[in-house]
Amino acid sequence: MKTQMMRNLTLLLLLAFVLCSSVLSWKKEEFRTCNQTPFCKRARARKPGYSSLSAREIRIENGDLKAKLIPTQNHENPEDQHHSKPLILTLSVYQDGIVRLKIDEDPNLDPPKKRFEVPYVIVEEFDQTKLWLQTHSTEADPSSSSSSSSVVYVSDGYEAVLRHDPFEVYVREKGGKSVISLNSHGLFDFEQLKVKKQNGDENWEERFRGHTDTRPFGPQSISFDVSFYGADFVYGIPEHATSLALKPTRGPGVEESEPYRLFSLDVFEYIHESPFGLYGSIPFMISHGERTSGFFWLNAAEMQIDVLASGWDAESGISLPSSQSRMDTFWMSEAGVVDAFFFVGPGPKDVVRQYTGVTGRPSMPQLFATGYHQCRWNYRDEEDVENVDSKFDEHDIPYDVLWLDIDHTVGRRYFTWDRALFPHPEEMQRKLFAKGRHTVTIVDPHIKRDDSYFLHKEASQKGYYVKDANGNDFDGWCWPGSSSYPDVLNPEIRSWWANKFSIKNYVGSTPLLYVWNDMNEPSVFNGPEITMPRDALHHGGVEHREVHNAYGYYFHMATSDGLLKRGDGKDRPFVLSRAFFAGSQQVGAVWTGDNTAEWEHLRVSVPMILTLGLTGMSFSGADIGGFFGNPETELLVRWYQIGAFYPFFRAHAHHDTKRREPWLFGERNTELIRDAIHMRYMLLPYFYTLFREANTSGVPVARPLWMEFPSDKATFSNDEAFMVGDSLLVQGIYTERAKYVSVYMPGKESWYDFRTGAVYKGSTTNELEATEETVPAFQRAGTIIPRKDRFRRSSTQMVNDPYTLVIALNSSQKAEGELYIDDGKSFAFTQGAYIHRRFVFADGKLTSLNVAPAALGGAQFSSKCVIERIVVLGHSGVPKRALIEPEEKTAEIELGPLDLKSRRGSDFITIRKPNLPVAGDWTIKIL
C-alpha cells in the first residue's frame, strides 16, 4: 500500500510539473537531437558512394520490374554490408505518371519477422490504375562500361530506369533529362532485422533522459538520397514551424542544423524557424523550379530528412548531370520498408493531384464547418455557453460552432458530461442549432484507468489497449492521470471506438454534435519525449516505433467512422485532429497546434498552412490569436484579418489566458474583428467551391503563389502572401504598428483591391499603406468570384440568400469563375446531387454554363436562389442597360460600390436585381 501511495504521489508531482511546464517556454533538452538518435547519427556519418548494392536477376513478374539487390564489397566499411542478405526490389508503374519503388527483405530468407508496411493509407482506387509491364529494355550505362540499365515505360514522355551497378532508380523524360532519382549519390543503407544472440555485439536498446527502449530485432533503419532535377526549392514534409521553401540543413555555407524531423509529438509553445518535428508527419516532398516533381515515402516510423546545399558532395567524385538545376535530399528512417512514390508532375497541380490520387482526396466538409468557430479551454458551464452565444448576436457577429474542451467531462473521462456544469447537454445543443449553430466536444485517446469508468472497463476486459514491451496494458500519464490508449491499428478496435459515438452510447450527445481529437500523437506526459515508448506493442506484434507517426491518423479515422455510423452514413462527419499522417485528408481537418500569441507565430502560420495544403491537408488552420499567452489587441485584430482566409477558421485559447471573445477589446476593435468575420461569410460560396475543387483534384484551397504562377521565380520563396483559389491574393501584415506593407503581384494581368477595386499592375511590387481595416487582398483580373452579401447569424441561415458575382475583367475584357452548391451536409453530392456552374464573361456577355455531369440514379439537387447583383470591374465602356437572354428582359445598370457595407472606394458598373436563377442557363449582355 505504501509503495502504491508513493507511486501515486510521484505521478501527481509529475503531472503538476507537466501542467506548469505546458505554459512555460519550450524546453529543447526534453527532445532528442540527431546525435541523440542512433539511426540518424549513423546515417549522417556516411559519405557518398557508401552503398555497395548491385541489381541482379532482373525480370518482369506480375506486371512489375523485379530485381535482387546483392551486396558487393564496401571499401569504406567491408563488414557493414558484406554479410547482408539480398534485398528484393519491385518497381511498379501507375497511370498519371506515378512510379512506385518497394525494397524489402527477402521473405524466402526467413527474416525474424515481417517488417511493417503502413496500411489504410493508399486508396483502393489507386491499385486499379496499375500499368502491367510487359517488357523492359536494356541500355548501356554511359558513365560505366561495366554497367547497364533496365528501362520501362511510365507514360507518354517519361521512362523509369533501374541502373544495375551500383543500383540507382530514376525517372527521366523519354531519352532525356532526369526528373527525380534515388541513390544517385550511393547513400542507400538498409539495416536488416536480426535475432539476438547471447554474446551478440549489437546495441539492443537505446536510452534517453532516463527512458530505455528495447530493440528486440536490433537496429532496423533505412536511409537513402533523393535528387530533384530542374528544381530551385523543395517544400512539404510537415509539420515544422518554418519557411515554406525548406532551407538547407547541411552543406557549404549552412550553419550547423538539425535535419527536418518527422516524429509526431506534443510540443507545447513550439518555437518558430526550427526543423523540429511537431504534431503531425507527412513524408511527402514537392520540388519546384523549371518543373515540379514529388516524392513520397510511405513509412510511419521516425524520419529525419536533410536538405543538402549545393556543393555538399563536391569531394565525393560522383558526377551527376550538371545541365539542370538540382536539389539533393537525404532521407533517414528508424524502421519500416522502402515504399516510395515518384510523381513526375510536370506542374504543381499535377503533382498534388498525383499524390492525392495515391493517399486520397480531401474529404468534402459540411458547409457549417467552413464558417467561423469559437473555442476556449474551457467554456465553464451552460450559462457561459449561453452568454457567449448571445453576445455574438448582440454584436452582430456570425459564427457556426462553439467548442468544449476537456473540462466539460467528469474528471476528463471522455463521452461523459459534468452534470453540475452541463446538466442539459442535449437542450444546450438544440438551442444553438435553433440559430443554425453546432457544438463540438473533445475526445482524446487517453482513457482514464478507473474500474468504475465504463470505457476503461470494457477496453481492459476486451484487451483493446496498446501493450507495453512485456505484454501488459500500457499505462501512461495524461490529463486524467493514469491512462491507457486504444490500439487503433487494429480494425476491430477502431470499429469498437466508432460505436462509442452513437447517440445511445454517447449519452448527452445529439446528431448536432461533432468531435475534436487532441493529444493523439499520442501524448504521454511521463513517456520519452512526451509520447509512448518505442517498444510498446500493437496489433500483430508491431512495435510502436514502426507505427508511431500514423497513430493519430488511425484514431482520427476511427472517430470519423463513428460519426458516419451515427448518421447511418448519410451525414458528412466533422472531426478536427491535432496529429496527422499521409491520408488524414480523407477523414477530416487539422490545425497547427499549440501556438503562441506572438507576431512570429502569426507569420509562420501561413507557410505552415500552405505546406499542409501542398501535402493533401487542405482543411487546416491556426489558432486565431495564439493558444498560449495574451495577444496585444493589434496582433489579435491582424490575426483575425488573415485568419479569415485560412481554410479552417477558429479562435482558441488556453485557460490561463484572459478571455478574448471578439467584443472584449473596445468598440473599434470589435468592429474590425466583425468586419473580418463578415468578410469570411461573404466569401463562403467561393470557399465552398474551392473545397469541392480540393475534393475532386487535391488542389488546396490556400495555395503558394507559385502554384498559380509556376514560372514566376519571384514567387518561389514568397510565403508571406498566398492565393485563396486562383482568384484571390492575400498579403499578411506581420509586424507591430506597420505603416506600409510590400506586396508582390505576380503575372501579366492586373489586380483589383478586394475592398476598393483599385487597380494594380501585375509583375510589380507595391508599397501600400497598412490600414487598420484589413490586410491587403486582391482579386486577379480575369476571374469571377461568387459572394453572399447578406449577413446572418450562421452559414446555415444563409442557405437561401441571393448571390453576388464580382467580375474582374482582364486586358482582353474577359473573365471566368465557378460556383458549386449542394445540400451542405449529406453525401448526395457523390451521386450527382449538386449544382456546378461556370460563369464566362466575353464579348460583353456573361454566360452561365452547367458543368455538372448527369446525376446518378436520379439524385438531384435544386435551389431557388438567384443572383441579385453583378459587379463588373475594369469594364472599358459606358453601358446603359443589360439584356437577359433567352427571356429578352432588361435589367438596370448603375454605378455602385464594391463593398455594400462600407461603401469604400469607387463606384463600379453594377447590374441590380437581374434575379437570374443560380442553377439556370442564361446570358446577360451589357449594352
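This text follows the structure it describes.
Just so you know, these numbers come straight off a predicted model, no measurement behind them. (Residues numbered from 1 in each chain as written. Predicted model: local features only at pLDDT ≥ 70, side-chain atom pairs only at ≥ 80, totals over all residues. Heavy atoms only, no water.)

Caption draft 1: Broad picture of the overall build of the protein. Secondary structure assignment for the protein yields 16 helices and 52 strands. Scaling as 2.2 N^0.38, a compact globule of 927 residues should have a C-alpha radius of gyration of about 30 Å, and the protein matches this with 28 Å. Projected onto the principal axes, the alpha-carbon positions of the protein cover approximately 90 × 75 × 60 Å. Each of the 927 residues in the protein was classed as buried or not, and the buried ones make up 64%. For the protein, the share of sequence-separated contacts (at least 6 apart) that also reach a separation of at least 24 residues comes to 72%. Within the structure as shown, the protein displays about 33700 Å² of accessible surface, and the carbon and sulfur contribution to it stands at 49%. Both charge centroids of the protein, one from 103 positive and one from 122 negative side chains, sit 3 Å from each other. (Helix = DSSP H or I, 4+ residues; strand = E, 2+ residues; numbered from the N terminus. Rg over C-alpha atoms; globule rule 2.2 N^0.38 Å. Buried < 20%, exposed > 50% of the residue type's maximum accessible area, 1.4 Å probe, protein only. Contact = heavy atoms within 4.5 Å. Areas by Shrake-Rupley, 256 points an atom, 1.4 Å probe, with all protein chains shown as cover. Lys, Arg positive; Asp, Glu negative; His and termini not counted. Charge placed at Lys NZ, Arg CZ, Asp CG, Glu CD.)

Caption draft 2: The sheet that holds strand 26 (residues 476-478), seen in detail. Strand order in this open sheet of three strands is 25-27-26, and the pairing throughout is antiparallel. Unpaired on one side and paired on the other, strand 25 (447-448) and strand 26 mark the two borders of the sheet. As paired elements, strand 25 and strand 27 (residues 481-484) share two bridges and run antiparallel to each other. Note that in strand 27 the partner of Ile 447 across the bridge is Ser 484. (Pairing = 2+ DSSP bridges.)

Caption draft 3: Spatial organisation of helix 13 (residues 633-643). Counting buried residues in helix 13 gives nine out of 11 residues, a clear majority hidden from the surface. Buried residues along helix 13 sit in contact with strand 22 (372-374), helix 12 (599-614), strand 34 (649-651), helix 14 (667-682), strand 36 (721-724) and strand 37 (728-731).

Caption draft 4: Representation of the packing of aromatic side chains. All told, the structure shown has 57 aromatic pairs when counted by the stated rule. Plain terms: the ring middles of Phe 224 and Phe 295 are 6.1 Å apart, the flat faces sit at 80° to each other, and that makes the pair edge-to-face. Here Phe 224, found in strand 14 (residues 222-229), pairs with Phe 295, found in strand 18 (residues 292-297); they are 71 residues apart in sequence, far enough to count as distant. Relative accessible area serves as the criterion here: at 0%, Phe 224 is assigned to the buried category. Accessibility expressed as a relative area gives 0% for Phe 295, which makes it buried. (Phe/Tyr/Trp six-rings, centres within 6.5 Å; stacked < 30°, edge-to-face > 60°.)

Caption draft 5: Region of the structure containing unusual backbone geometry. The peptide bond linking Asp 165 to Pro 166 adopts the cis configuration, its omega dihedral lying at -5°. Position of Pro 166 among the secondary structure elements: in the loop between strand 8 (158-163) and strand 9 (168-173). Cis geometry marks the peptide bond from Pro 238 to Glu 239; its omega dihedral reads 25°. Examined against the element boundaries, Glu 239 turns out to sit in the loop between strand 15 (231-236) and strand 16 (260-262). One non-glycine residue, Glu 269, lies in the positive phi region at around 50°. Note that Glu 269 resides in the loop between strand 16 and strand 17 (284-289).

Caption draft 6: Quick peek at helix 6 (residues 382-394). Taking 1.5 Å as the rise per residue, helix 6 with 13 residues should run 18 Å; its terminal C-alpha atoms sit 18 Å apart, in good agreement. Buried within helix 6 we find Glu 382, Asp 384, Val 385, Val 388, Asp 389 and Phe 392. Around the axis of helix 6, the buried residues are gathered within 165° of arc, so they sit on the same side. Opposite the buried face of helix 6, at more than 90 degrees from it, the exposed residues are Glu 383 and Glu 394. Those residues of helix 6 hidden inside the fold are in contact with strand 22, strand 23 (401-404) and helix 7 (425-433). Downstream of helix 6 by a residue or two, Asp 396 has a phi angle that is positive, lying close to 55°. (Expected span 1.5 Å × (residues − 1). Arc of directions from axis to C-beta.)

Caption draft 7: Fine view of the sheet that holds strand 37. Taken together, the six strands give an open sheet; going across it, the order is 35-36-37-42-39-40, and neighbouring strands pair in antiparallel fashion. The sheet terminates laterally at strand 35 (702-703) and strand 40 (759-760), the two strands that pair on one side only. Helix 15 (residues 684-697) rests against strand 35, strand 36 and strand 37 of the sheet, and its axis sits at about 85° to strand 36. (Axes fitted to C-alpha atoms, helices over the stretch in contact; angles between N-to-C directions.)

Caption draft 8: Just the side chain of Arg 413, in detail. Summarising the element assignment, Arg 413 is placed in the loop between strand 23 and helix 7. Since its relative accessible area comes to 17%, Arg 413 is described here as buried. Residues within four places of Arg 413 in sequence aside, it is in contact with Lys 448, Asp 450 and Tyr 453.

Caption draft 9: Fine view of the pattern of salt bridges. Scanning all chains against the criterion turns up 79 salt bridges. Salt-bridge contacts for Arg 46 lead to Asp 189; the nearest nitrogen and oxygen are separated by 3.2 Å. Of this pair, Arg 46 sits in the loop between helix 2 (38-44) and strand 1 (53-61) while Asp 189 sits in strand 11 (residues 189-190), placing them 143 residues apart in sequence. Considered together, Arg 46 and Asp 189 belong to a single accessibility category, that of buried residues. Of the charged contacts in the structure, one is a salt bridge between Asp 384 and Arg 659, with a shortest N-O distance of 3.0 Å. Placement of the pair is Asp 384 in helix 6 and Arg 659 in the loop between strand 34 and helix 14, with a sequence separation of 275 residues. (Salt bridge = Lys/Arg side-chain N within 4 Å of Asp/Glu carboxyl O.)

Caption draft 10: Focus on empty space enclosed by the protein. A complete count under the given rule lists 10 cavities of 30 Å³ or more for this structure. Counted as a void, the largest cavity has a volume near 210 Å³. In terms of residue class, the lining of the largest cavity is made up of 12 nonpolar, three polar and six charged. (1 Å grid on protein atoms, 1.4 Å probe; cavity = no way out; pocket = protein on both sides within 12 Å on 5 of 7 lines; lining within 4 Å. Points joined across faces, edges and corners; volume = space filled by probe spheres on them. Nonpolar A, V, L, I, M, F, W, Y, C, P; charged D, E, K, R; others polar.)

Caption draft 11: Spotlight on the environment of Trp 497. Note that Trp 497 resides in helix 9 (residues 491-499). The spacing of Trp 497 and Leu 455 is 42 residues in sequence and 9.6 Å in space, taken between C-alpha atoms. Among the polar contacts made by the side chain of Trp 497, one reaches the side chain of Thr 559 at a distance of 3.3 Å. (Polar contact = N/O pair within 3.5 Å; in protein donor to acceptor, adjacent residues only side chain to side chain.)

Caption draft 12: Quick peek at the layout of surface pockets. Here the second largest pocket is characterised by a volume of approximately 750 Å³. Mapped by element, the contributors of at least two residues to the lining of the second largest pocket are strand 6 (137-140) and strand 9. Taken together, the residues of the lining of the second largest pocket break down into 10 nonpolar, 17 polar and six charged.

Caption draft 13: Local environment of the packing of helix 9 against helix 11 (residues 551-566). Close contact between helix 9 and helix 11 brings their axes to 7 Å; oriented N to C, the two are set at 50°. Relative to helix 11, helix 9 is oriented oblique. Our pair here, helix 9 against helix 11, has a crossing hand that is right-handed. Where helix 9 approaches helix 11, its residues Arg 494, Ser 495, Trp 497, Ala 498 and Asn 499 are matched on the opposing element by Tyr 554, Phe 555, Met 557, Ala 558, Thr 559, Asp 561, Gly 562 and Lys 565. (Parallel < 35°, antiparallel > 145°, perpendicular 65-115°, else oblique. Left-handed = near helix turned anticlockwise from the far one by under 90°.)

Caption draft 14: The arrangement of the side chain of Thr 657 in detail. You can see Thr 657 is positioned in the loop between strand 34 and helix 14. Here the side chain of Thr 657 touches His 654 through a polar contact of 2.6 Å, landing on its backbone oxygen. In this structure Thr 657 touches Arg 376, Phe 627, Phe 628, Gly 629 and Asn 630, once residues within four positions along its chain are discounted.

Caption draft 15: Main features of the packing of helix 14 against helix 15. Two numbers describe how helix 14 lies on helix 15: the axes approach to 5 Å, and their chain directions differ by 55°. In terms of their interaxial angle, helix 14 and helix 15 are classed as oblique. For the pair helix 14 and helix 15, contact is made by Arg 680, Tyr 681 and Met 682 and by Leu 684, Pro 685 and Phe 687, respectively. When its residues are assigned to classes, the contact of helix 14 with helix 15 shows five nonpolar, no polar and one charged.

Caption draft 16: Expanded view of the environment of Thr 409. With respect to the helices and strands, the residue Thr 409 is situated in the loop between strand 23 and helix 7. Judged by relative accessible area, Thr 409 falls into the buried class, the value being 3%. Along the backbone, Thr 409 and Phe 422 are 13 residues apart, and their C-alpha atoms lie at a distance of 8.8 Å. Each residue touching Thr 409, except ones within four places of it in the same chain, is listed here: Tyr 414, Thr 416, Trp 417 and Asp 418. Separated by 3.0 Å, the side chain of Thr 409 and the backbone nitrogen of Arg 412 make a polar contact.

Caption draft 17: Layout of the nonpolar core. Among the nonpolar cores identified, the biggest contains 186 residues, and Trp 497, Phe 574, Tyr 640, Phe 645 and Val 724 are the most heavily contacted of them. Here the element with the most residues in this core is helix 12; it accounts for nine residues. Contacts of Tyr 640, omitting those with residues within four sequence positions, involve Tyr 372, Gln 374, Ile 624, Phe 649, Ala 651, Pro 662, Ile 673, Ala 676 and Ile 677. Grouped together as the second largest cluster of nonpolar side chains are 48 residues, Leu 87, Ile 237, Trp 297 and Trp 331 included. (Core = buried A, V, L, I, M, F, W, Y, C linked by side-chain atoms within 4.5 Å.)

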